[in-house]
Amino acid sequence: MSTFQAPKGTYDLLPPSSATYLAVREAIAAPLRNSGYGYVETPGFENVELFARGVGESTDIVTKEMYAFETKGGDKLALRPEGTASVLRAALEANLHKAGNLPVKLWYSGSYYRYERPQKGRYRHFSQVGAEAIGAEDPALDAELIILADQAYRSLGLRNFRILLNSLGDKECRPVYRAALQDFLRSLDLDEETLRRAEINPLRVLDDKRADVQKQLADAPLMPDYLCEACKAYHKEVRELLDAAGVVYEDDAKLVRGLDYYTRTTFEFVHDGLGSQSAVGGGGRYDGLSEMIGGPSLPSVGWALGVDRTVLALEAEGVDLQLPATTSVFAVPLGEEARRVLFGKVTELRKAGIATDFSFGGKGLKGAMKNANRSGARFTLVAGERDLAEGVVQLKDMESGEQGPVALDAIVSTLQAKLG
Ligand code: ATP
Ligand code: MG
């Protein structure tokens, strides 16, 4: 061990398990790539104001969890705690929304940072894959995103996740509901901090995890009873599209999101094998965000799925992703001359697209074969002085154990044929 360790609340992705993380990212991205979403990448940090305004001054993310700092040049920045505000900022800055091709559909994948109390499934550095559809108010877009996330999880083999769905209303009906909820909350026996929260962001009190609070919330007024006609119709349409697609969801009238900018459709993917860190992903419509960060009105919808928790969910369900071995061929030279010749062949194989590795460091046959086994390679190539004198190498099928000579200049074509 070195003097240093990974900082608190972080962990390293290392082989072989890191392959699972890559596969999860890929699996989440695949349905998006297939549905007209283009890849976007933004900086790991932004002007702190973007998050303060975009995520919301009263949210836990901004008040407690943000890594904010001042640079030597006096810029006030923050490591990004989430993706939506940055992606929208980037789209506005590049005028993507003015090209006349709304909605702008983008997906991203990367690291996010929140100063949280670390525990299983909750880290200070974590990874998300997200999608945003910017600039269209269309229930089919909300449905599309939920369907694509459902598809991503199913393609990974996850089964024990549930989709919770709600509508948070819009600027017409939400204020009425908010006032009613606030009245109700004021009548409860709540601690001071929660009462304060009820004044600033009452919807978030519904999200309180404490049992004694939840008990008091049993008769709380619920958003679905306050939806205006337009929001009701919109929500009905989203639900019908999901039904038609065969996506199963549960209505959750108390589902709110930690972020201030959500309107109308709100959803969360929860997994029942994860204890209290049960949310594997979430998202919704954020019709007001663009204006909040100084842009034009651009009704939008998006989600972010947590890669770390998705991997934990796979573990909880005992899903073992069938990842193909990364190395197909392992080459073992015996002696100096063989090393030079075989290394050349390795380069040729790699150019031909065959994943090949080599025994480095002048190992003997026994040690090299151990490495070959560990690499998971289907075939090994072994060559000593006598083989070379005959112009061949020994090709061994690691599955059947079969072994035989192959002419040097037939190695690539033989392996191509055998590997299909
Ligand atoms: P939670 O309620 O668990 O704090 P959240 O509402 O803060 O989640 P979002 O901001 O919606 O989470 O982020 C989307 C997803 O990112 C979450 O569903 C989760 O899978 C993942 N995520 C969020 N925070 C963390 C974290 N600290 N560590 C690991 N994954 C996280
Ligand atoms: Mg959180």
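One numbering rule holds for all chains: residues counted from 1, following each sequence as written. By the order in which they are written, chains take letters starting at A while ligands take numbers starting at 1. A pLDDT threshold of at least 70 governs which residues receive local features in this predicted model, and a stricter bar of 80 or more applies before side-chain atom pairs are shown or counted, although totals over entire chains, interfaces and linings include all residues. Neither water nor hydrogens contribute to the side-chain values; these are computed over all heavy atoms in the structure.

**Side note on the UniProt feature "binding site: L-histidine" (unreviewed entry) in the protein**
UniProt positions are given in the numbering used here, feature names are shortened, and annotations may be inferred rather than shown by experiment. Within this numbering scheme, the UniProt entry marks Glu82, Gly83, Thr84, Arg114, Gln128, Glu132, Arg257, Tyr261 and Tyr262 as carrying the feature "binding site: L-histidine" (unreviewed entry). Mapped onto the secondary structure, Glu82 falls in the loop between strand E4 (76-79) and helix H4 (84-93). Relative accessibility decides the category of a residue: with a 1.4 Å probe and only protein chains considered, values under 20% of the type maximum give buried, values over 50% give exposed, and everything between is partly exposed. We classify Glu82 as buried; its relative accessible area is 4%. In terms of polar contacts, Glu82 uses its side chain to reach the backbone amide nitrogen of Thr84, at 3.4 Å. Put simply, DSSP marks the helices as runs of H or I at least four residues long and the strands as runs of E at least two long, and each gets a number from the N terminus on. For this analysis, a polar contact is any N or O atom pair within 3.5 Å, provided that within protein one partner can donate a hydrogen and the other can accept it, and provided that sequence-adjacent residues contribute only side-chain to side-chain pairs.

**Points about the site of ligand 1**
Around ligand 1, a shell composed of 14 residues is seen, among which Arg114, Glu116, Arg122, Tyr123 and Arg257 lie nearest. Between an oxygen atom of ligand 1 and a side-chain N or O atom of Arg114, the distance comes to 2.8 Å. A distance of 3.1 Å separates an oxygen atom of ligand 1 from a polar atom in the backbone of Ala279. Residue polarity follows a fixed list, in which Ala, Val, Leu, Ile, Met, Phe, Trp, Tyr, Cys and Pro are nonpolar, Asp, Glu, Lys and Arg are charged, and the others, Gly among them, are polar. Grouping the constituent residues of the shell around ligand 1 by class yields five nonpolar, four polar and five charged. Note on terminology: near, applied to a residue and a molecule or strand, indicates that one of the residue's heavy atoms is within 4 Å of it.

**So, the packing of aromatic side chains**
Any two of the Phe, Tyr and Trp rings considered here, Trp counted by its six-membered ring, make a pair once their centres fall within 6.5 Å; the pair's planes then place it as stacked at under 30 degrees, edge-to-face at over 60, or tilted in between. What the rule picks out here adds up to 14 aromatic pairs. Centre to centre, the rings of Tyr39 and Trp107 are 4.8 Å apart; their planes meet at 55 degrees, and the pair counts as tilted. Of the two residues, Tyr39 sits in strand E1 (residues 38-39) while Trp107 sits in strand E5 (residues 104-113), which places them 68 residues apart along the sequence. Its relative accessible area of 43% is what places Tyr39 among the partly exposed residues. The exposure class assigned to Trp107 is buried, which follows from its relative accessible area of 6%. Summarising the aromatic geometry, the rings of Phe267 and Phe269 are spaced 6.1 Å apart at their centres and angled 85 degrees between planes, so their arrangement reads as edge-to-face. On the basis of relative accessible area, Phe267 is assigned to the buried category, the value being 0%. One aromatic cluster is present, formed by Tyr153, Phe161, Phe267 and Phe269 through successive ring pairs. Two conditions define a charge located above a ring, namely a distance within 6 Å from the ring centre to NZ of Lys or CZ of Arg, and an angle within 35 degrees of the ring normal. Note that Arg124 overlies the ring of Tyr115, its terminal NZ or CZ placed 4.1 Å from the centroid. Sitting over the ring of Tyr234, Arg264 keeps its end group 4.7 Å from the ring centre.

**A word on the nonpolar core**
With 45 residues, the main nonpolar core has Val24, Tyr37, Ile146, Leu242, Phe269 and Trp303 as its most contacted residues. Elements that contribute at least two residues to this core include exactly helix H1 (18-33), strand E6 (125-134), helix H5 (139-155), strand E7 (161-167), helix H9 (229-244), strand E9 (263-271), strand E11 (300-306) and helix H11 (307-317). With eight residues, H5 is the largest single contributor of residues to this core. The contact criterion used is simple: two residues touch if any of their non-hydrogen atoms lie within 4.5 Å. Each residue touching Leu242, except ones within four places of it in the same chain, is listed here: Ala143, Ile146, Ile147, Leu165, Val247 and Tyr249. Here, the term nonpolar core denotes a set of buried Ala, Val, Leu, Ile, Met, Phe, Trp, Tyr and Cys residues that are joined through side-chain atoms within 4.5 Å.

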